[in-house]
Amino acid sequence: MLAPCTCRAVQGLCSTDSARDTLPGGVQKVLAGTETLIRMIRIAHVSDLHVLSRTAAEWRRIVFNKRLTGYANLMLHRGRVHRREYLLAVLSDAAKQADHLVVTGDVTNLSLEHEYEEAAALLTEVSRRTEVTVVPGNHDIYLPSTHRERRFPHHFDRFVRSDLPTLARDLPAGRFPCVKLRGGVAIIALSSAVPRPPFIAAGYLGHEQLEALNTVLDHPEVQRRTPIVLVHHPPIDTRSRLVRLRDGLVDAAALRSILGRLAHGLVLFGHLHVRVRCRLRTPAGMLDVIGASGAALDHPDPSVRAGFNSYEIQDDGSLASVEAHVIDPQRGNLQTMAIADAPGCV
């Protein structure tokens, strides 16, 4: 009998090894009564890190623009509920368990330069242990100037290097869609982050990026894999049209129309600061649409409290498990929990 093949799916490397224990960052199972080895890739999903650096905030960069309202919100609310020690624990545990860490936006709070630097340093440290993919959120493209000066790609471009670069479009937030082909999955990163006026947090993908997504889904290397789509804003939103225009994904219907060609896959998002799971039925099948909460949030509700989601996908593309790992404030470690199903994600 051949020794089982064990691999860290994120790197696409495989070596024979007689041990059947799970390798760091890898998952493998042997079917009972058979010699069939099932290999999986494990995806960890975090969102809305909102990295804060209040002591370094420069008033000249805050006064007279949208950052002033964001800074006031920070002083009144975020500083009390976002805990750095929670964020560090979540990132460390996710890096230990996953083949690939995906971050669905809002890595910073006010898109200040020192926040970019701090967030990039945190994710670079994680990337020494597992692969990382990041998409921007509305807090990462806070002002037209940060968009125009391409501050997000300047700091995070290393995490969005596509395996299909010719299919990407050059956007101010970076080159998207970014596609990473890993084992049986195709991770497809999108940017819904655009600068907005004060009190507006809505996202927008745009015709150019959506057209490119359509082309990506036609690619044979993507078609033979399970797609995992990353976007900051929720693709399913049952709130009123006015609320969606203020806080949702403005062209969510266009995104859903393109995703309607898929028979299976995952769509992962953030923004709402709550972990939730719903389904998007398509003419060809059904997609799992799953939101992650804030990775640093201190909150009594475990569906909101800091943690990360974990997804195991088999080599045949089927979703083997979905669970959350949530901070236990009493013990200081992370506890495994189910993610609540909902008729609509919002």
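Cut-offs applied
Residues numbered from 1 in each chain as written. Predicted model: local features only at pLDDT ≥ 70, side-chain atom pairs only at ≥ 80, totals over all residues. Heavy atoms only, no water. Phe/Tyr/Trp six-rings, centres within 6.5 Å; stacked < 30°, edge-to-face > 60°. Helix = DSSP H or I, 4+ residues; strand = E, 2+ residues; numbered from the N terminus. Buried < 20%, exposed > 50% of the residue type's maximum accessible area, 1.4 Å probe, protein only. Pairing = 2+ DSSP bridges. Axes fitted to C-alpha atoms, helices over the stretch in contact; angles between N-to-C directions. Parallel < 35°, antiparallel > 145°, perpendicular 65-115°, else oblique. Left-handed = near helix turned anticlockwise from the far one by under 90°. Contact = heavy atoms within 4.5 Å. Nonpolar A, V, L, I, M, F, W, Y, C, P; charged D, E, K, R; others polar. Core = buried A, V, L, I, M, F, W, Y, C linked by side-chain atoms within 4.5 Å. Patch = residues over 30% accessible without salt bridge, like charges linked within 9 Å, V, L, I, M, F, W, Y side chains within 5 Å. Areas by Shrake-Rupley, 256 points an atom, 1.4 Å probe, with all protein chains shown as cover. Salt bridge = Lys/Arg side-chain N within 4 Å of Asp/Glu carboxyl O. Polar contact = N/O pair within 3.5 Å; in protein donor to acceptor, adjacent residues only side chain to side chain. pLDDT = per-residue confidence, 0-100.

Structural notes on the packing of aromatic side chains
Here comes step 1: Here the structure, examined in full by the defined rule, presents three aromatic pairs.
Here comes step 2: When the centroid spacing of 6.3 Å and the interplanar angle of 65 degrees are considered together, the rings of Tyr116 and Phe156 count as edge-to-face. Pair noted here: Tyr116 is in helix α3 (residues 113-127) and Phe156 is in helix α5 (residues 151-156), with a separation of 40 residues, a long-range link. Residues Tyr116 and Phe156 agree in their burial class; the two are buried.

A few points about the sheet that holds strand β9 (residues 178-182)
Here comes step 1: The sheet built from six strands is open, its strands ordered β9-β10-β11-β12-β14-β13 with mixed pairing. The sheet terminates laterally at β9 and β13 (276-281), the two strands that pair on one side only. Here the strands of the sheet are splayed against their neighbours by 20 degrees on average, with no regard to which way each runs.
Here comes step 2: The pairing of β9 with strand β10 (residues 185-189) spans five bridges and is antiparallel.

Points about the packing of helix α6 (residues 207-218) against helix α9 (residues 252-259)
Here comes step 1: Between α6 and α9, the least distance of the axes is 10 Å, while the angle of their chain directions is 15 degrees. Looking at the two axes, α6 sits roughly parallel to α9. Where α6 crosses over α9, the two elements pack in a sense that is right-handed. For the pair α6 and α9, contact is made by Leu210, Leu213, Asn214 and Leu217 and by Ala254, Leu255 and Ile258, respectively.
Here comes step 2: In the contact of α6 with α9, the residues fall into six nonpolar, one polar and no charged.

Some remarks on the nonpolar core
Here comes step 1: Membership of the largest hydrophobic core comes to 56 residues, with the highest contact counts inside it found for Val46, Leu49, Leu101, Val103, Val107, Phe156 and Ile228.
Here comes step 2: Apart from the residues within four sequence positions on either side, Val107 is in contact with Leu49, His50, Val51, Ala119, Leu123, Val134, Asp140, Phe152 and Phe156.

Looking at a nonpolar patch on the surface
Here comes step 1: A cluster of nonpolar side chains, Tyr204, Leu245 and Val250, forms an exposed patch at the surface whose accessible area comes to about 250 Å².
Here comes step 2: With a relative accessible area of 39%, Val250 lands in the partly exposed category.

What to know about the environment of Arg279
Here comes step 1: Assignment of secondary structure puts Arg279 in strand β13.
Here comes step 2: Separated by 62 residues in sequence, Arg279 and Asp341 have C-alpha atoms that sit 8.7 Å apart.
Here comes step 3: Apart from residues lying up to four places away in sequence, Arg279 is in contact with Ile236, Met286, Leu287, Asp288 and Asp341.
Here comes step 4: Within the local environment of Arg279, its side chain forms a polar contact with the side chain of Asp288, the two groups lying 3.4 Å apart.

Comments concerning the packing of helix α2 (residues 84-97) against α3
Here comes step 1: Two elements in contact, α2 and α3, have axes separated by 10 Å at closest approach and are oriented at 30 degrees. Between α2 and α3, the angle falls in the class roughly parallel. Note that α2 runs across α3; the crossing there is right-handed. Touching Arg84, Leu87, Leu88, Leu91 and Ala95 of α2 are Glu118, Leu122 and Val126, all from α3.
Here comes step 2: Tallied by class, the residues present in the contact of α2 with α3 amount to six nonpolar, no polar and two charged.

Considering the pattern of salt bridges
Oppositely charged side chains can form a pair if their charged atoms are brought close together.
Here comes step 1: Enumeration according to the criterion identifies 19 salt bridges in this entry.
Here comes step 2: For Glu85, the salt bridge goes to Arg83, with nearest N and O atoms at 4.0 Å.
Here comes step 3: Look at Glu85 and you get partly exposed, because its relative accessible area is 46%.
Here comes step 4: The salt bridge involving Arg224 is made with Glu221; its shortest N-O contact spans 3.0 Å.
Here comes step 5: The class of Arg224 is exposed, set by a relative accessible area of 57%.
Here comes step 6: The exposure class of Glu221 is partly exposed, given its relative accessible area of 28%.
Here comes step 7: When salt bridges that share partners are traced, they join Glu131, Asp163, Lys180 and Arg182 into one network.

Considering the confidence of the model for the protein chain
Here comes step 1: On average, the protein chain scores 84 in pLDDT, and the residues at 70 or more come to 80%.
Here comes step 2: In the predicted structure, residues 29-36 sits below a pLDDT of 50 and forms 12 contacts with residues beyond four places in sequence or in another chain.
Here comes step 3: Taken as a whole, residues 56-60 scores under 50 in pLDDT and shows seven contacts with residues more than four places along the chain or in a different chain.

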